[in-house]
Amino acid sequence: MLETPNAARERSHATSPFEASVTISLPELSNDPIPLGRILGSGGTSIVYAAVVQRIPIAVKLLRPECAIDEESIARFSREIFVVDALRHPAVPECYGYGHCSDGRPFAAFAHVEGTTLRERMRGGEPLSLIEGLALLDDLLEVLILAHQKGILHRDIKPSNIILGPRGLPHLLDFGLAQLLDAKGLRATAAGVPLGTPAFMAPEQATARAATPATDLFSLALTIASGLAGHSLRTGASTLDLLVEARLPLLPLCTFELRLPLEVEALLEKALAFDPAERFESAEAMQRATRVVARELGIALPLRRDGVGAPLPTAVASETTLLSSRESDDYGWLPVPTTYPPVELDPRAIFKQDFEALTPPPQAAGSQPRALYVILALLAASFWIAAAVRWFQRV
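Everything quoted here is computed from the prediction, not taken from an experiment. (Residues numbered from 1 in each chain as written. Predicted model: local features only at pLDDT ≥ 70, side-chain atom pairs only at ≥ 80, totals over all residues. Heavy atoms only, no water.)

Novice: Break down the sheet that holds strand S8 (residues 116-117) for me, citing the residues and quoting the values.
Specialist: With respect to topology, 3 strands assemble into an open sheet ordered S8-S10-S11, the strand pairing being antiparallel. In the strand order of this sheet, the two ends are held by S8 and strand S11 (170-172), each with one partner. Across 3 bridges, strand S10 (residues 162-164) lies against S11 in antiparallel orientation. Following the sheet pairing, Ile-162 is matched in S11 by Leu-172. Its contacts with the sheet place helix H5 (residues 130-149) against S10 and S11, and it is angled at close to 40° to S11. (Pairing = 2+ DSSP bridges. Helix = DSSP H or I, 4+ residues; strand = E, 2+ residues; numbered from the N terminus. Contact = heavy atoms within 4.5 Å. Axes fitted to C-alpha atoms, helices over the stretch in contact; angles between N-to-C directions.)

Novice: Can you tell me about unusual backbone geometry, naming the residues and giving the values?
Specialist: Omega for the bond connecting Leu-301 with Pro-302 falls within 30 degrees of zero, at 0°, which places this linkage in the cis form. You will see that Arg-155, though not glycine, has its phi angle at about 70°, which is positive. Residue placement: Arg-155 occurs in the loop between strand S9 (152-153) and S10. What makes Arg-155 buried here is its relative accessible area of 6%. (Buried < 20%, exposed > 50% of the residue type's maximum accessible area, 1.4 Å probe, protein only.)

Novice: Which residues make up the side chain of Asp-103, and what are the values?
Specialist: Relative to the elements of secondary structure, Asp-103 occurs in the loop between strand S6 (95-100) and strand S7 (106-111). At 3.0 Å, the side chain of Asp-103 forms a polar contact with the side chain of Arg-105. (Polar contact = N/O pair within 3.5 Å; in protein donor to acceptor, adjacent residues only side chain to side chain.)

Novice: Kindly report on the pairing of S7, identifying the contributing residues and their values.
Specialist: Counting buried residues along S7, 6 of its 6 residues qualify, which places the element largely inside the surrounding structure. In terms of strand pairing, S6 meets S7 through 5 bridges, oriented antiparallel. Across the sheet, Gly-99 pairs through a bridge with Phe-107, a residue of S7. Here S6 folds back onto S7, and the loop between the two strands holds 5 residues, one of which, Gly-104, carries a positive phi near 100°.

Listed below in structure tokens is the structure:
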């Protein structure tokens, strides 16, 4: 069986003595060092390992060594911890704690969710059924409603960030690119660099424009449509090709041979509009439309399921202090070993910084009229120069 480069890299991480010797500490759950287990997944900045503490399976997200010395990567990592704790939703794995591992790299411990990602299901050649697609859309819109109400944009919704649980209950992962909004609903930090996954990002992300709640709705609709098709609707062969493709309007869904009911096709295409202003005005509006369409097709939403994930057992939870109940001044990072340059970052501080709206410096009085006069003078000068050139040509 052939092994992909990514799989080989992950295997080397899992079997290397360096990685095998790394442990984490969660004083709230255990007084003993916790060793890392097998790799559950990996991304550009971090690797997720399985671990067990007091017979509770957890997922430990650990920054890659090269990212553990990058302040921007650590800032995003810290922001993700706060965002997950701020949401407190059954479809978002709970964060049990965070700190620095034995070699100094930041880590965060999350509830381990059993199931397969939507990406793995698509790769297995099993597209979503219509009922599954609409139910998944409805469940994830529920998460976005809460997130957007709290001023949080996910900005990286895609099949690999969605886990389908044993009973079909989905979980939305990886808030590492989450962005916070200011009071006016505008992105609190400056645009300029495309962030996200090109195969599923909205056009405004591909052109480095400001993200809005409609950005998440586009990515969610494209993810659901891809799940129904069983493959990504964008077909670029490279990241650059996909980025270029993301800057263009998506082809009508009927061209992808999805064979969807017209009502479902219209629902998704509205969320996939190239212009954000033409999409649904909010996640609530899209969820209402989704439930109307489902009702017309004889599908009752939301689907009733037993259980909402895997929270801590009551006996353990009663003896621990989790993130949500800590005092604000106890939210900083644990002491940093000297293996890596010490970086003190407070998730709460970063969270508040993002809410500071970036306003342009005030312009000096009369600066706009002065600029207008300069432009008019340049236009007049170019006109007279062109006229003089024509006159000399005639002579």
